[in-house]
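Take a look at the letters that make up each chain.
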Amino acid sequence: MGIFKKDKLQIINFQSYGSASRLYVRGRAIEDEKIDLDQKGIFNLMQNTWKRFETDEIRNTAIKITLPNGETVQGTTDDDGYYLIDEQINGLHDLANEEGWVNFELSFTDTNLKREILLKNKFPGEMLIPHKHAKFGVISDIDDTILHTGVVSSLKWKVIINTMFKRATKRRQLDGASDFYMKLHNGKTGEEANPIFYVSHSPWNLYRYLELFLKTNKFPKGPLLLRSMASFRMRKKNDEKPQKQREISNLLNAYPELPFILIGDSGEKDGDIYQEISALFPGRIKAIYLRSVNDAKRMARIENLFVDFKDIPFLMVNKTKEAIAHAKEHGFI
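Summary of the structure given here.

Moving on, we come to the pairing of strand 3 (residues 22-31). The element strand 3 is extensively covered by neighbouring structure, given that nine of its ten residues are classed as buried. The sheet contact formed by strand 1 (residues 9-14) and strand 3 spans six bridges and is antiparallel. Within the sheet, the bridge partner assigned to Ile11 lies in strand 3 and is Ala29. Of the strand pairs in this sheet, strand 3 and strand 6 (residues 82-88) are connected by seven bridges, and their pairing is antiparallel. Counted as the bridge partner of Arg22 is Gln88 from strand 6.

Here it is in structure tokens:
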């Protein structure tokens, strides 16, 4: 009967962001599919990719957050197993470490689950509160901005191959990207702890994969903001603003006193989104960097888009050393 044994339950916390008085926590409760991100071999890589997208959600289930001071906050997963807890709680800054991270514990509280739960029902979670010394925040795309992906390839075949057949620990960053981001994180004084937010069109199913890539390549630790698979199906063309744009707007609204640097690539819609964000939030964007991609038509479109863009420092980046020099010139690092 062992082959019919049900998978254990788990809660995955997506590193998020909050403030001294706002607890903003996201994640997902799913069955443990025993995904090993270090496995080698084509068959294992394909199997892990299947497991990442063929998830068994723990729907409409009560969960609890326990803060370091013992205070608890209740929440519930939705029809897809996701949870979002957004509560006003004072004194959160006192619970943060030197980098601004608040560590907490997540657990299931539904006594009717009748399933084995991993980690003795004690799952770690983190939320970032930007440091008081921070001079600015950085919002960065991932695909073809810091991670070689191939989003401009025909029929996205490079994206599929890279995701299915390459381990996260073997994926290549764009040359010098992590060094540039660490310099931005440290700022001009070297002690600013400027927060880095990674925003992508990728689904939450790739959260742990992308998290491992960032850690392996020594990028600054920061919230990783993706989107649900449902948003791929629900959003119609021109129906609403892209998820990435809504996430960026949320960040600027969350920290009204903090200016931001926006980093993306010229392959998709980052240029359009960043221009609109700069118009919606005047005076809040310190600079825009767009990575050049190997596509003449897309590059020409972006160059034309920014030809009269004079109010905010803008750079089309061919080599990371160009961005570093530009950031030094403007006093960011």
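Read across the open sheet, the five strands follow the order 2-8-7-4-5; overall the sheet is mixed. Of all the strands in the sheet, the pair left with one neighbour each is strand 2 (16-17) and strand 5 (72-76). Pairing analysis gives four bridges linking strand 4 (residues 62-66) to strand 7 (residues 101-108), with the strands arranged antiparallel. Residue pairing in the sheet places Ile63 in a bridge with Phe108 of strand 7.

Let's shift gears to the packing of helix 6 (residues 243-254) against helix 7 (residues 270-280). Between helix 6 and helix 7, the shortest axis-to-axis distance is 10 Å and the interhelical angle comes to 30°. By the criterion of interaxial angle, the relationship of helix 6 to helix 7 is roughly parallel. For the pair helix 6 and helix 7, the sense of crossing is right-handed. Across the interface between the two elements, Lys244, Gln245, Ile248, Ser249 and Leu252 from helix 6 touch Asp270, Ile273, Tyr274, Glu276, Ile277 and Leu280 from helix 7. Looking at the contact of helix 6 with helix 7, its residues break down into six nonpolar, two polar and three charged.

Parameters and conventions
- Residues numbered from 1 in each chain as written.
- Predicted model: local features only at pLDDT ≥ 70, side-chain atom pairs only at ≥ 80, totals over all residues.
- Heavy atoms only, no water.
- Buried < 20%, exposed > 50% of the residue type's maximum accessible area, 1.4 Å probe, protein only.
- Helix = DSSP H or I, 4+ residues; strand = E, 2+ residues; numbered from the N terminus.
- Pairing = 2+ DSSP bridges.
- Axes fitted to C-alpha atoms, helices over the stretch in contact; angles between N-to-C directions.
- Parallel < 35°, antiparallel > 145°, perpendicular 65-115°, else oblique.
- Left-handed = near helix turned anticlockwise from the far one by under 90°.
- Contact = heavy atoms within 4.5 Å.
- Nonpolar A, V, L, I, M, F, W, Y, C, P; charged D, E, K, R; others polar.

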